[in-house]
Amino acid sequence: MGQVTTTDRRTVLRATAGLAFTAGCATSGSVAHPAPATSSAVARPAPSKSAGPSAKPPAPGPRRFPGRPAQLGHGPRTRPRVALTFHGNGDPATATALLRAAEERGARLTVLAVGTWLDAHPELARRILDGGHDLGNHTLHHLGVNDMSEADALAEIAGCADRLRTLTGSIGSWFRPSRAARASPLVERLARRVGYPHVLSYDVDSLDFTSPGAPAITRKVLAEVRNGSVVSLHFGYADTVAALPAVLEELDRRGLAAVTTTELFS
């Protein structure tokens with residue numbers, strides 16, 4: 001995490017130390033780790049001073065896919081495509097290694113970034129987009145957004161959207177709730193209010209945040225992935241970096257293209 005800028009933010013981050021960076025999200029619709037205690041107010045610090053507006057054209061924003069549900073867990077089962085989606089948090093060197101490994105094999109990823117991670121590493125927003133990947137919103141602090149009050153949940157979604165807009169010119173292509181596989185009805189409604197027509201879920205959970213080892217991640221993903229799958233993975237874990245080449249090699253052998261989530265649903 002980079003230098004914090006306000007007293008409120010320091011308070012929030014101290015209360016969630018070690019959770020926002022090291023814990024994964026939910027699996028099979030249930031919380032996979034204890035949710036940290038939250039106060040009734042979630043701080044919304046200003047974007048990092050180092051994160052000025054980009055001189056490049058605005059990044060793609062959210063798209064509506066007519067006929068698709070509000071929450072998307074997988075794409076069409078009739079086409080040999082899959083989306084590898086990454087929760088954007090943790091060590092930036094690990095993130096860069098994963099992006100490079102994907103690009104070397106012609107794969108494109110989807111990164112759902114935590115807002116405070118973007119504050120600390122603003123250069124990664126454009127690095128992700130310049131590699132041809134999707135970039136989206138994974139809330140501001142990576143707390144249990146489904147358990148928050150309406151005002152706090154809105155602050156989490158809108159706060160990350162603000163970071164993305166400052167860095168890239170758009171609120172990002174997708175929203176995924178933090179610490180949950182699916183959004184509650186309230187969070188789904190708030191995401192629409194902020195500008196996201198769909199909430200992105202997944203149908204394959206790699207469980208990489210449990211650090212089971214690269215072979216276990218590879219086996220888990222390849223045992224469950226099929227046409228249209230959306231796979232949940234994470235930045236910040238060495239096991240995931242080690243597993244990705246084998247996953248991509250086997251996907252290629254099966255004729256499954258690793259594409260962005262936008263491409264998956266287009």
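Structure shown above.
Residues numbered from 1 in each chain as written. Predicted model: local features only at pLDDT ≥ 70, side-chain atom pairs only at ≥ 80, totals over all residues. Heavy atoms only, no water.

Q: Quick one: what's the story with the nonpolar core, residue by residue and with numbers?
A: In terms of nonpolar packing, the biggest core is built from 56 residues, with Leu84, Trp117, Tyr196 and Leu251 touching the most fellow members. For this core, the element with the most residues is helix 6 (residues 150-168), which contributes 7 residues. Among residues more than four places away in sequence, those in contact with tyrosine 196 are Pro62, Asn137, Ile157, Ala161, Leu164, Ile171, Gly172, Trp174, Phe175 and Ala191. (Core = buried A, V, L, I, M, F, W, Y, C linked by side-chain atoms within 4.5 Å. Buried < 20%, exposed > 50% of the residue type's maximum accessible area, 1.4 Å probe, protein only. Helix = DSSP H or I, 4+ residues; strand = E, 2+ residues; numbered from the N terminus. Contact = heavy atoms within 4.5 Å.)

Q: Give me the lowdown on the environment of valine 231, citing residues and values where you can.
A: Within the secondary structure layout, valine 231 lies in strand 7 (residues 230-234). Note: C-alpha distance between valine 231 and serine 206 (25 residues apart in sequence) is 6.9 Å. Residues in contact with valine 231, not counting those within four places in the same chain, are Ala83, Leu84, Thr85, Val204, Val221 and Val225.

Q: Please provide a residue-by-residue account of the packing of aromatic side chains, values included.
A: Overall, the coordinates contain 6 aromatic pairs when judged by the stated rule. Each ring, one from tryptophan 117 and one from phenylalanine 235, has its centre 5.9 Å from the other, and the planes form 55°; the classification is tilted. Of this pair, tryptophan 117 sits in helix 4 (residues 115-120) while phenylalanine 235 sits in the loop between strand 7 and helix 9 (238-253); the two residues are 118 residues apart in sequence, bridging distant segments of the chain. The pair tryptophan 117 / phenylalanine 235 is uniform in exposure class, with both members buried. Centre to centre, the rings of tryptophan 174 and phenylalanine 265 are 5.8 Å apart; their planes meet at 45°, and the pair counts as tilted. (Phe/Tyr/Trp six-rings, centres within 6.5 Å; stacked < 30°, edge-to-face > 60°.)

Q: Can you explain helix 5 (residues 123-130)? Please cite residues and give values.
A: The complete set of buried residues in helix 5 reads Leu124, Ala125, Arg126, Ile128 and Leu129. Tucked inside the fold, the buried residues of helix 5 contact helix 3 (92-104), strand 3 (109-113), helix 4, strand 4 (134-137) and helix 6. Count one or two residues on from helix 5 and you reach glycine 132, which has phi positive near 85°.

Q: So what's going on with the side chain of serine 206? Which residues, and what values?
A: Inspection of the secondary structure assignment puts serine 206 in the loop between strand 6 (204-205) and helix 8 (214-224). Assessed through its relative accessible area of 2%, serine 206 is described here as buried. Of note is the side chain of serine 206, whose polar atom sits 3.1 Å from the side chain of aspartate 208. For serine 206, the side chain forms a polar contact with the main-chain oxygen of serine 232, separated by 2.8 Å. Setting aside its immediate chain neighbours within four residues, serine 206 contacts Ile217, Lys220, Val221, Ser232 and Leu233. (Polar contact = N/O pair within 3.5 Å; in protein donor to acceptor, adjacent residues only side chain to side chain.)

Q: Just give me the short version of the packing of helix 3 against helix 5, but keep the residues and values in it.
A: Any two packed helices are characterised by the angle at which their axes cross and by the distance between the axes. Relative orientation of the contacting elements helix 3 and helix 5 amounts to 10°, with a least axis distance of 11 Å. Put simply, helix 3 runs roughly parallel to helix 5. Residues Pro92, Thr96, Leu99, Arg100 and Glu103 of helix 3 form the contact with helix 5, whose own contacting residues are Leu124, Arg127 and Ile128. Each residue belonging to the contact of helix 3 with helix 5 can be placed in one class, and the counts come to 4 nonpolar, 1 polar and 3 charged. (Axes fitted to C-alpha atoms, helices over the stretch in contact; angles between N-to-C directions. Parallel < 35°, antiparallel > 145°, perpendicular 65-115°, else oblique. Nonpolar A, V, L, I, M, F, W, Y, C, P; charged D, E, K, R; others polar.)

Purely geometric numbers; function is a separate question.
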